[in-house]
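Descriptive analysis of the structure
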Amino acid sequence: MAGKKILIIEDEKDICDLMAFHLKKEGFSVEQLFDGETAWRRLQKNHPDLIVLDLMLPGMNGLELCRLIREQKQTTSIPIIMVTAKSEDVDKVIGLELGADDYITKPFNPRELVARVRAVLRRTRTDMGDTKKIFTDGDLTIDYEAYTVYRNNKPLSLSSTELKLLFFLTTHPNRVYSRDQLLDAIWGDETFVEPRTVDVHISRLRAAIEEDKDNPKRIQTVRGIGYKYVLANGTHPPA
Ligand code: CA
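Residues numbered from 1 in each chain as written. Predicted model: local features only at pLDDT ≥ 70, side-chain atom pairs only at ≥ 80, totals over all residues. Heavy atoms only, no water.

1. Some points on the environment of Ser77
With respect to the helices and strands, Ser77 occurs in the loop between helix 3 (62–71) and strand 4 (80–85). You can call Ser77 buried: its relative accessible area is 17%. C-alpha separation for the pair Ser77 and Gly99, spaced 22 residues apart in sequence, amounts to 9.5 Å. (Helix = DSSP H or I, 4+ residues; strand = E, 2+ residues; numbered from the N terminus. Buried < 20%, exposed > 50% of the residue type's maximum accessible area, 1.4 Å probe, protein only.)

Here's what the structure looks like:
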């Protein structure tokens, strides 16, 4: 889990610094922002693995930002931990309804924050494997439960790593992932796996699922960043 990118959005600088200090100490990579508008603009560029979001912010507040994040397809599956003050219990409930994954009440023990961050990240990872729905996109069908991929109703022969990679990309469609993020998501804590390994598996997947593997429409390369699965005319299970 070390190296996961955490974005903290909190206008009280000392609290923000305190949270950042403890998360960095645990090996997370931390970015700090102090208002909702800046954070929203920042989220249009690339995505952290988790957001710690304070409820009371100047300008756009935490609830509004949470709602925007959940409404936009590209940001909808980013886990959010909402930070609230004691007197904001009602808002806390609304925060969960709007799609926060967890919340923490001020004042909190930084260890509790770290524990919750870990728990939410773990849970998000497991959710991917628990997806029960069937994915379809043109001639491609994925049965996540049966661990099988069909093209034109014929089962494809893919390695378990390729299956995991395809499951991950299709359950997070239209989002760009760097090689490092994919390594982290699919290979987890296995070290000594080179980023180039990702390219090899992507190329094998393309050969299996693309009309023309040299001109891929589904698994697209985003130059200088990584890969994304582009949903053409399909449906996908909610993340
Ligand atoms: Ca605040």
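2. Structural notes on the packing of aromatic side chains
Across all of its chains, the model carries 3 aromatic pairs by this definition. Ring geometry for Tyr144 versus Phe167: centroids 5.0 Å apart, planes at 80 degrees, classification edge-to-face. A residue pair is termed long-range when its members are at least 10 positions apart, and Tyr144 in the loop between strand 7 (140–143) and strand 8 (148–151) and Phe167 in helix 6 (residues 160–171) qualify at 23 residues. On the accessibility criterion, Tyr144 (5% relative accessible area) is buried. The class for Phe167 is buried, based on a relative accessible area of 8%. Relative to Tyr177, the ring of Phe168 lies with its centre 4.8 Å away and its plane at 70 degrees, an arrangement referred to as edge-to-face. Both residues of the pair, Phe168 and Tyr177, belong to the buried class. (Phe/Tyr/Trp six-rings, centres within 6.5 Å; stacked < 30°, edge-to-face > 60°.)

3. Looking at the confidence of the model for the protein
Of the residues in the protein, 86% have a pLDDT of 70 or more, and the chain-wide mean is 85. With pLDDT under 50 throughout, residues 126–131 is counted as low confidence; its partners more than four residues away or in other chains account for 7 contacts. (pLDDT = per-residue confidence, 0-100. Contact = heavy atoms within 4.5 Å.)

4. Description of the coordination of the calcium ion
Within the protein, Glu10 (OE), Asp11 (OD), Glu12 (OE), Asp54 (OD) and Met56 (O) serve as the donor atoms for the calcium ion, at 2.1 to 3.1 Å. Within one chain, the residues serving as donors to the calcium ion are arranged as E-D-E-x41-D-x1-M. Of this pair, Asp11 sits in the loop between strand 1 (5–9) and helix 1 (13–25) while Asp54 sits in strand 3 (residues 50–54), placing them 43 residues apart in sequence. The exposure class assigned to Asp54 is buried, which follows from its relative accessible area of 2%. (Donors = N, O, S within 2.8 Å, 3.2 Å for Na, K, Ca; no water.)

5. What about unusual backbone geometry?
In this chain, Lys106 is followed by Pro107 through a cis amide linkage whose omega measures -5 degrees. Within the fold, Pro107 resides in the loop between strand 5 (102–106) and helix 5 (110–130). Despite not being glycine, Asn152 shows a phi value in the positive range, around 50 degrees. Secondary-structure assignment places Asn152 in the loop between strand 8 and strand 9 (154–155).

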